[in-house]
Amino acid sequence: MTQTRAETIALTDGTELRLTVARPETVVRGGLVVLHEAKGVTDRVRALAARLAEEGWLTVVPHLYHRDGADELAAEEVAEHVRRLSGEDLLADTDAAFVWLAEQGVDTDRQGIVGFDLGGSAALVVAASRSLGAAVSVGGPGICEPVSAALPPLVEVVGELTCPWLGLYGDDEQVPAGEVDKLREAAERVRVVTDVVRYPGAGHRFDHDEDAATEAWQRARNWLDLHLR
């Protein structure tokens, strides 16, 4: 498996952003910013970054909790860190990650964003605020009620999308089916290509249905193949 490595870059606010990077061993097809789950940069997130690199994507994971000095959180720490996550900090960190990709020779139209769990919600916020090649959200709460006071509900920002966006949702109590349907309805009014797919009973982390997880992964791969070239 492709190995990940760590880098640190300075931000204009005086903080240092930690990055987890996975580089393809073959020709780089494009670049992806991967936004991590609520627990932070876990082994699961590193494995996802490595898997995307094996597909030819130069992959970079910004550590969104770096201002708190945290990489991976204990379960009891998650809620407090999520509540402190702001749109301003999120955009600063992802902007820096996209600049890093550009410095590696990846053009903007070949740059995309992929988010998992909390990162899925964050990826949609970023895709609605920046010009990218494509975006994929794999789950994520905050559709009708924001996960943080400093982040908007996703149904309010999806209308600002300027790039193709794919939303993959395995509904459970954290991501109710009705909210996913509302997000789909809002996304259908956007002028860019969107697709929202719901997997009943798969769980918001796709850990209740292996077949659904496999199918969702294939959809994500196809979306990136189609729109980042």
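Before reading further, recall that the structure is shown in the block above.
Criteria and cut-off values
- Residues numbered from 1 in each chain as written.
- Predicted model: local features only at pLDDT ≥ 70, side-chain atom pairs only at ≥ 80, totals over all residues.
- Heavy atoms only, no water.
- Helix = DSSP H or I, 4+ residues; strand = E, 2+ residues; numbered from the N terminus.
- Buried < 20%, exposed > 50% of the residue type's maximum accessible area, 1.4 Å probe, protein only.
- Pairing = 2+ DSSP bridges.
- Axes fitted to C-alpha atoms, helices over the stretch in contact; angles between N-to-C directions.
- Contact = heavy atoms within 4.5 Å.

Student: An account of unusual backbone geometry is needed here, citing residue identities and associated values.
Tutor: In this structure, Asp 117 is a non-glycine residue whose phi angle is positive, near 65 degrees. Residue placement: Asp 117 occurs in the loop between strand E5 (111-116) and helix H4 (118-127). One non-glycine residue, Phe 206, adopts positive backbone phi at about 55 degrees. Here Phe 206 is to be found in the loop between strand E8 (194-198) and helix H7 (210-227). Of the residues examined, Phe 206 reaches a relative accessible area of 7% and is grouped as buried.

Student: Can you explain the sheet that holds E8? Please cite residues and give values.
Tutor: Ordered by their spatial adjacency, 8 strands build an open sheet running E1-E2-E4-E3-E5-E6-E7-E8, and the pairing between neighbours is mixed. Every interior strand has two partners, whereas the edge strands, strand E1 (4-10) and E8, have only one. Going from strand to strand, the sheet's axes swing by 20 degrees on average, the running direction of each strand aside. Across 5 bridges, strand E7 (residues 165-169) lies against E8 in parallel orientation. Counterpart to Leu 168 in the pairing with E8 is Val 197. Against the sheet, helix H3 (residues 87-103) engages E1, strand E2 (16-22), strand E3 (30-35), strand E4 (57-62) and E5, with an angle of about 155 degrees to E3. Of the strands in this sheet, E3, E4, E5, strand E6 (134-138), E7 and E8 are in contact with H7, which crosses E7 at around 175 degrees.

Student: Which residues make up the pairing of E5, and what values do they have?
Tutor: A regular strand places its side chains so that they alternate between the two faces of the sheet. Across the 6 residues of E5, 6 count as buried, placing the element largely inside the fold. Relative to E5, E3 is paired through 5 bridges, and the arrangement is parallel. Residue Val 34 lies in a different strand from E5, and its bridge partner there is Val 114. Note: E5 against E6, 5 bridges, orientation parallel.

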